[in-house]
Amino acid sequence: MLDIKFVRENVDAVKETLKKRGVELSFDGFLGSEQKRREILLEVEDLRNRRNVVSREVGALKKDGRDASAQMDEMKGVGEKIKALDEELKLHEQQMQDFLLNVPNMLNESVPVGADEDANIEIRKWGEPGEFDFKPLNHWDIGERHDIIDFERATKIAGSRFSLLKGAGARLERALMNFMLDHNTEAGYIEVFPPILVNREAMTGTGQLPKFEEDLFRVADSDFFLIPTAEVPVTNIHAGEILKEDQLPLYYTAYTPCFRREAGSHGKDTRGLIRQHQFNKVEMVKFTRPEDSFDELEKLTANAEDILQQLGLPYRTVVLCSGDIGFSASKTYDIEVWLPGQGKYREISSCSNFEDFQARRAGIRFKREGQKKTEFVHTLNGSGLAIGRTMVAILENFQQADGSVVIPEVLRPYMGMDQIG
RNA sequence: GGAGAGGUGGCAGAGUGGUUGAAUGCGGCGGUCUCGAAAACCGUUGUGCGUUUGCGCGUACCGGGGGUUCGAAUCCCCCCCUCUCCGCCA
């Protein structure tokens, strides 16, 4: 959420950002309503003040055993008046809130302007796509061949966009999970295991609600939602808290399953593990001081990249353009891993700085040493990494002519084997 | 699911209609003392919003919402949550 004062004083800049993002949003009534809100507030607080003063008088008079009926009569109608104004005020405040909750974050000036992912800019590349002297298979073919991924039975159990991992496949999933958590823990992240069902408030705090409810699974007859990413419960760990400056920066890492409706992606990635309703991910979340957040974004991204380097998977890093970046983010790097089966780079991690956008929604603040006033922290998060897609990358990149798949060195202690097949 | 208890400041814990933003203790911060520290003593210590160049002032907040009243942490109604016991259960 943007600061209402900021929006009031920077309407043109906000409109410019909306344009860059390709978002249509009407400001009609916003400024007038905001003006009106403050006028009413002034009036109603004045009335309250009067009531408080007179009521105190009444108390003093009665204590002395004197008559206070004149004062009491004077205040008779004031309560009603306050109530009426309060109602009007609430209406305006609700309008402000509804509006602000649907305004996306401002963009960092380094974000390239563009309509869609074609305008994203590659800023780094690591490793070279391997040469194969045979036609590399898709991961689903490899999975089938070794009987480690079973899509048919998963469909029977749940439906499309679900998968059943078996044997070395299930083992690889678990190995990746543990390897990533260990990696991040060594990098200074605190491991947590949060609830994966969260309430509406938490979803609003990180920005999934109210705008993107159709992307989420909601549990029937309750107001619980299945998390689409660990970002939601982990960022909300400190919702409504005031942290001390010396607690920052705060790093967390969490493995969780993630659940997404994929409502708008019919026909995309219908085969394989790339786009699932349920997938596993290890996530990193940071809480930082405002002045540190962009340095921390670089470090966060580097940390995610390091996982790919240790696994020996070629990747490139792109900075998302204004039309492709998410609602809550100020700046985002996507890390894309090379997939020989598809012959292209695919997103495997998304690392974002949200600045104070989520912190304002969720009420995550901190106080500087010796300072009285509180400030919003900056929040960041990034995948480290999406586990299913990492499995895809390993199967496709390390497949051999004989059909076997070589397990990366760093995973072998976790896998208990050197190769699959 | 059944029965009961309870939700007050960072924590513990008073407060049942009139300067109570809230006693007291602990913790935190500042100071006195000390070579230094501990102890002791003194002082200080919530957040949001509005307003003001600033000091400040005003207002709201004692789980949430509504009601009674000149006035509510205190009375009434509804809701939520937590805890204990029983039942069930990984």
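Residues numbered from 1 in each chain as written. Chains lettered and ligands numbered in written order. Predicted model: local features only at pLDDT ≥ 70, side-chain atom pairs only at ≥ 80, totals over all residues. Heavy atoms only, no water.

Colleague: Help me out: how do you make sense of the overall build of chain A in this one?
Modeller: Within chain A, the secondary structure is distributed over 14 helices and 17 strands. When its C-alpha atoms are laid out on the principal axes, chain A stretches across 100 × 45 × 40 Å. Taken over 421 residues, chain A has a buried fraction of 49%. Of the contacts made within chain A by residues no fewer than 6 positions apart, 73% connect residues no fewer than 24 positions apart. Just so you have it, chain A exposes about 20,600 Å², and 48% of that area is on carbon and sulfur atoms. (Helix = DSSP H or I, 4+ residues; strand = E, 2+ residues; numbered from the N terminus. Buried < 20%, exposed > 50% of the residue type's maximum accessible area, 1.4 Å probe, protein only. Contact = heavy atoms within 4.5 Å. Areas by Shrake-Rupley, 256 points an atom, 1.4 Å probe, with all protein chains shown as cover.)

Colleague: Which parts of the structure should I look at to understand the pattern of salt bridges?
Modeller: Working definition: two side chains of opposite charge can pair if their charged atoms are close together. This model, assessed by the stated rule, comprises 29 salt bridges. With a shortest N-O distance of 3.1 Å, Lys166 and Asp147 are connected by a salt bridge. In this pair, Lys166 is assigned in the loop between strand 3 (164-165) and helix 8 (168-186) and Asp147 in the loop between helix 6 (139-146) and strand 2 (149-150), connecting sequence segments 19 residues apart. Owing to a relative accessible area of 43%, Asp147 belongs among the partly exposed residues under this scheme. As a salt-bridge pair, Lys299 and Glu296 come within 3.6 Å of each other at their nearest N and O atoms. Residue Lys299 and its partner Glu296 are both found in helix 11 (residues 293-311); the two are separated by three residues, about one turn of the helix. Taking the relative accessible area as the measure of exposure, Lys299 reaches 47% and is therefore partly exposed. Taken together, the salt bridges that share partners define one network made up of Glu245, Arg289, Glu291, Asp292, Arg368 and Glu375. (Salt bridge = Lys/Arg side-chain N within 4 Å of Asp/Glu carboxyl O.)

Colleague: So what exactly am I meant to see when it comes to a negative patch on the surface here?
Modeller: A contiguous patch of negative charge, built from Glu39, Glu43, Glu45, Asp46 and Glu88, is present on the exposed surface. You can see Asp46 is positioned in helix 3 (residues 30-63). (Patch = residues over 30% accessible without salt bridge, like charges linked within 9 Å, V, L, I, M, F, W, Y side chains within 5 Å. Lys, Arg positive; Asp, Glu negative; His and termini not counted. Charge placed at Lys NZ, Arg CZ, Asp CG, Glu CD.)

Colleague: Please explain helix 6 as it appears in this structure.
Modeller: Every α-helix carries 3.6 residues per turn, so stepping three or four residues along brings you back to the same face. Every buried residue of helix 6 is accounted for by His139, Trp140, Ile142 and Gly143. All buried residues of helix 6 project into a common sector of 160° when viewed along the axis, lining one side. In helix 6, the exposed residues that point more than 90 degrees away from the buried face are Glu144 and Arg145. Packed against the buried residues of helix 6 are strand 2, helix 7 (151-157), helix 13 (387-397) and strand 16 (405-406). (Arc of directions from axis to C-beta.)

Colleague: Sorry, what's going on with the sheet that holds strand 7 (residues 242-244) here?
Modeller: Hydrogen bonds along the backbone pair up the strands of a sheet, which may run parallel or antiparallel. The strand order 7-13-14 describes an open sheet built from three strands, whose pairing is mixed. The open sheet has two free edges, formed respectively by strand 7 and strand 14 (374-376), since each of these has just one partner strand. Looking at each pair of strands side by side, their axes are set apart by 40° on average, direction ignored. (Pairing = 2+ DSSP bridges. Axes fitted to C-alpha atoms, helices over the stretch in contact; angles between N-to-C directions.)

Colleague: Whenever I open this one, unusual backbone geometry confuses me. Can you help?
Modeller: Note: most residues except glycine have negative phi, and most peptide bonds are trans. Residue Pro210 is bonded to the preceding Leu209 through a cis peptide linkage, with omega at 5°. If you trace the backbone, Pro210 turns up in the loop between helix 9 (200-206) and strand 6 (225-226). In this structure, the amide linkage connecting Leu248 to the following residue, Pro249, adopts the cis form with an omega of -5°. One can find Pro249 in the loop between strand 7 and strand 8 (250-259). The phi dihedral of Asp269 is positive, around 50°, even though this residue is not glycine. Residue Glu355 is not a glycine yet carries a positive backbone phi of 50°. As for its placement among the helices and strands, Glu355 is situated in the loop between strand 12 (344-353) and helix 12 (357-362).

Colleague: Would you mind showing me how to read the protein's contact with RNA strand B here?
Modeller: Taken together, 24 residues form the shell around RNA strand B, and within it Asn49, Lys76, Lys90, Lys367 and Thr374 come nearest. Contact between RNA strand B and Lys62: a base nitrogen at 3.4 Å from a side-chain N or O atom of the residue. Thr374 has a polar side-chain atom sitting 2.4 Å from a phosphate oxygen of RNA strand B. Listed by contribution, the elements that provide at least two residues to the surface near RNA strand B are helix 3, helix 4 (69-75), helix 5 (78-101) and strand 13 (365-367). Considering only residue class, the surface near RNA strand B consists of six nonpolar, five polar and 13 charged. (Near = heavy atom within 4 Å. Polar contact = N/O pair within 3.5 Å; in protein donor to acceptor, adjacent residues only side chain to side chain. Nonpolar A, V, L, I, M, F, W, Y, C, P; charged D, E, K, R; others polar.)

Colleague: In this structure, what is going on with the packing of helix 8 against helix 13? I would like to understand it.
Modeller: Two quantities define a packed helix pair, namely the angle between the helix axes and the distance between the axes. Their axes nearest at 10 Å, the elements helix 8 and helix 13 cross at an angle of 115°. Handedness of the helix 8/helix 13 crossing: right-handed. Facing helix 8, whose interface residues are Gly169, Leu172, Glu173, Leu176, Met177 and Met180, helix 13 presents Ile387, Gly388, Thr390, Met391, Ile394 and Leu395. Partitioning the contact of helix 8 with helix 13 into residue classes produces eight nonpolar, three polar and one charged. (Left-handed = near helix turned anticlockwise from the far one by under 90°.)

Colleague: How should the packing of aromatic side chains be read in this particular structure?
Modeller: Aromatic ring pairs are described here by two measures, namely the spacing of the ring centres and the angle between the planes. Applying the stated rule across the entire model yields 12 aromatic pairs. Pairing Phe179 with Tyr414 gives two aromatic rings, centres 6.1 Å apart and planes at 70°, and the pair type is edge-to-face. Remark: Tyr414 occurs in helix 14 (residues 412-415) and Phe179 occurs in helix 8; sequence separation between them is 235 residues. For Phe179, a relative accessible area of 5% translates into the label buried. Its relative accessible area of 25% is what places Tyr414 among the partly exposed residues. Between the NZ or CZ atom of Lys15 and the centre of the ring of Phe27, over which it lies, the distance is 5.2 Å. (Phe/Tyr/Trp six-rings, centres within 6.5 Å; stacked < 30°, edge-to-face > 60°. Lys NZ or Arg CZ within 6 Å of the ring centre and 35° of its normal.)

Colleague: Just checking my understanding: could you explain the nonpolar core for this structure?
Modeller: One broad rule of soluble globular proteins: the nonpolar side chains tend to lie buried together. In terms of nonpolar packing, the biggest core is built from 47 residues, with Leu172, Leu176, Leu395, Leu411 and Ile420 touching the most fellow members. Contacts of Leu411, omitting those with residues within four sequence positions, involve Leu172, Ala175, Leu176, Phe179, Leu311 and Ile394. Within the second largest apolar cluster, 17 residues are counted, among which are Leu18, Phe27, Met96 and Leu101. (Core = buried A, V, L, I, M, F, W, Y, C linked by side-chain atoms within 4.5 Å.)

Colleague: Would you mind going over the side chain of Asn353 with me for this structure?
Modeller: Relative to the elements of secondary structure, Asn353 occurs in strand 12. From its side chain, Asn353 meets the backbone nitrogen of Glu355 in a polar contact 2.8 Å long. Residue contacts for Asn353: discarding those within four places in its chain leaves Ser293, Phe294, Leu297, Ala329, Ser330, Lys331, His378, Thr379 and Leu380.

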